[in-house]
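Next come the chains, spelled out residue by residue.
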Amino acid sequence: MKQTTKPRVKICCISSIEEAKMAIIYGASALGLVSAMPSGIGVISEELIAEISAIVPPGVCTFLFTSKQDVKSIIEQQRRCQVNTIQICDYLTLGKYQDLRDAMPGIALVQVIHVTGEESVKEAVEVSPLVDAILLDSGNKYLPIKQLGGTGKVHNWDISKKIRELVDVPVYLAGGLNSENVTAAIKQVSPFGLDICTGVRTNNKLDEMKLSQFFSQIYYSSFGVDEVQNFRE
Ligand SMILES: O=C(O)c1ccccc1NCC(=O)[C@H](O)[C@H](O)COP(=O)(O)O
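Analysis parameters
- Residues numbered from 1 in each chain as written.
- Predicted model: local features only at pLDDT ≥ 70, side-chain atom pairs only at ≥ 80, totals over all residues.
- Heavy atoms only, no water.
- UniProt positions renumbered as here; feature names shortened; annotations may be inferred.
- Pairing = 2+ DSSP bridges.
- Helix = DSSP H or I, 4+ residues; strand = E, 2+ residues; numbered from the N terminus.
- Axes fitted to C-alpha atoms, helices over the stretch in contact; angles between N-to-C directions.
- Contact = heavy atoms within 4.5 Å.
- Near = heavy atom within 4 Å.
- Polar contact = N/O pair within 3.5 Å; in protein donor to acceptor, adjacent residues only side chain to side chain.
- Areas by Shrake-Rupley, 256 points an atom, 1.4 Å probe, with all protein chains shown as cover.
- Nonpolar A, V, L, I, M, F, W, Y, C, P; charged D, E, K, R; others polar.

- The protein is annotated in an unreviewed UniProt entry as N-(5'-phosphoribosyl)anthranilate isomerase of Okeania hirsuta.
- Recorded in UniProt for the protein, the comment headed Sequence similarities (unreviewed entry) runs: "Belongs to the TrpF family."
- Quoted verbatim from the Catalytic activity (unreviewed entry) field of the UniProt record, the comment on the protein reads "N-(5-phospho-beta-D-ribosyl)anthranilate = 1-(2-carboxyphenylamino)-1-deoxy-D-ribulose 5-phosphate".

This is how it looks when you write it as structure tokens:
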């Protein structure tokens, strides 16, 4: 996928209608709604996910983060939560992506790849034709208690860049982003989208000042990028 000079922004770990409204006002193009996970601080109930999802205006995507690995449970979860995008944070063990597509036409599928090393490149390239987007994060699904996101940690962006260049679907970059490193992230990886949780929060609550700084930084980062011509070709 070609580089993106002005990335979309997904604000994650949304935990109330007020947080959703704040993120949208500042310019979020997507909201991340985290359902049951083996670890992490961003989890909310499916009832609350459905409530938040219901007030999101057209043009803003609602991502359901799921740790479920079988398609039947994922389909049931989407029906309960009424989101328009499913973010699969682990890998599928029962069923196929096509089963999800058949059961949920119009619902976008995003597969998370936790970037742990060069092996992540193969993983991303193999899964990319089956999904609508890839999200590169810093979790570790091999730990005794899996970490599937919200780590606040940066991974190796050289690998992320390589993945972005090799796959034909949009790539979101996640993991430890904040207003201080986002310019470097955009320059180095040029992802389609940015995903942030910890970097815009204080004591687990969405922090308006950090949110504002993050969006301002992205706005300023998009000036002076000399690859715009490239993108237009
Ligand atoms: O935040 C959590 O508790 C969480 C747990 C398991 C999967 C996802 C989770 N959060 C949502 C995200 O995927 C984050 O937006 C992403 O990992 C980036 O997080 P951060 O490094 O904290 O910005």
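## So, the sheet that holds strand β8 (residues 193-196)
Here's step 1: Strands sit in the order β1-β2-β3-β4-β5-β6-β7-β8 around a closed barrel of 8 strands; the barrel is parallel. Along the sheet, successive strands turn relative to each other by an average axial angle of 25°, direction set aside.
Here's step 2: Here 3 bridges tie strand β7 (residues 171-174) to β8, and the two strands are oriented parallel to one another. Within β8, the position partnered with A174 by the bridge is D195.
Here's step 3: Contacts from helix α3 (residues 71-81) reach β3 (61-66) and β4 (85-88), with the element oriented near 140° to β3.

## Some remarks on the site of the ligand
Here's step 1: Taken together, 22 residues are adjacent to the ligand, and G42, D137, G150, D195 and T198 come closest.
Here's step 2: Contact distances for the ligand include 2.9 Å between an oxygen atom and a backbone N or O atom of G152.
Here's step 3: When isolated, the ligand has an accessible area of 520 Å², and the protein chains bury 100% of it.
Here's step 4: For the shell around the ligand, the class distribution of residues is 9 nonpolar, 10 polar and 3 charged.

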